[in-house]
Amino acid sequence: MKITKLISTLAASLVAASLAGCGDSPPGDADIRQAMERMVVAAGGKEALVGQEAALARMKVKNCVKDELGGFKCEFTAPLGGTQTARFSKGAEGWSIVSVGG
């Protein structure tokens, strides 16, 4: 009887774990913008963000794919022009930049 209950619990856990990835969607424009804002504030304080709002507002996601290291690897238009690539991960505070570049 205990083994049956254990197997049922494990089966339910496996189903829940497999379904957890179904809702995993890539970051959007606003998510990447917020991640960039948090990175700028962490590096230089809130004062560093002043004057960059317009540039950050123009940022657009071009493409995001699941990354083998976890999270998503995204191409986006950079605040100062050009295309940038970064890897993003979602945590308790939302999306954050894990690494920048290829």
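Here the structure is a predicted model, which is why all the values come from computation and not from measurement. (Residues numbered from 1 in each chain as written. Predicted model: local features only at pLDDT ≥ 70, side-chain atom pairs only at ≥ 80, totals over all residues. Heavy atoms only, no water.)

Novice: I'm lost on the state of the cysteines in this one. Help?
Specialist: Covalent bonding between the sulfur atoms of two cysteines defines a disulfide. In total, this model carries one disulfide according to the counting rule given. Across the disulfide, Cys-64 is cross-linked to Cys-74 (sulfur-sulfur distance 2.1 Å). A torsion of 115° about the S-S bond marks the disulfide between Cys-64 and Cys-74 as right-handed. With Cys-64 in strand β1 (residues 61-66) and Cys-74 in strand β2 (residues 72-77), the pair connects residues that are 10 residues apart, well separated along the chain. When sorted by exposure, Cys-64 lands in the same class as Cys-74, which is buried. (Disulfide = S-S within 2.5 Å. Helix = DSSP H or I, 4+ residues; strand = E, 2+ residues; numbered from the N terminus. Buried < 20%, exposed > 50% of the residue type's maximum accessible area, 1.4 Å probe, protein only.)

Novice: Would you mind going over the sheet that holds β2 with me for this structure?
Specialist: Two strands in a sheet stick together by hydrogen bonds in their backbones, pointing the same way (parallel) or opposite ways (antiparallel). Strand order in the open sheet made by the four strands is β1-β2-β3-β4, with antiparallel pairing throughout. Of all the strands in the sheet, just β1 and β4 (94-100) have a single pairing partner and so form its edges. Adjacent strand axes in the sheet meet at a mean angle of 35°, parallel and antiparallel pairs treated alike. Those strands touched by helix α2 (residues 29-44) are β1, β2, β3 (83-91) and β4, and its axis lies near 70° from that of β4. (Pairing = 2+ DSSP bridges. Axes fitted to C-alpha atoms, helices over the stretch in contact; angles between N-to-C directions. Contact = heavy atoms within 4.5 Å.)

Novice: So what exactly am I meant to see when it comes to the packing of aromatic side chains here?
Specialist: For any pair of aromatic rings, the description rests on two quantities: the centre-to-centre distance and the angle between the ring planes. Enumeration according to the criterion identifies two aromatic pairs in this entry. On the numbers, 5.9 Å between centres and 65° between planes, the contact of Phe-72 with Trp-95 is edge-to-face. In this pair, Phe-72 is assigned in strand β2 and Trp-95 in strand β4, connecting sequence segments 23 residues apart. As far as burial versus exposure is concerned, Phe-72 and Trp-95 are alike and both buried. Summarising the aromatic geometry, the rings of Phe-76 and Phe-88 are spaced 6.0 Å apart at their centres and angled 70° between planes, so their arrangement reads as edge-to-face. Taken together, the residues Phe-76 in strand β2 and Phe-88 in strand β3 connect sequence positions 12 residues apart. Phe-88 carries the same exposure label as Phe-76, and that label is buried. (Phe/Tyr/Trp six-rings, centres within 6.5 Å; stacked < 30°, edge-to-face > 60°.)

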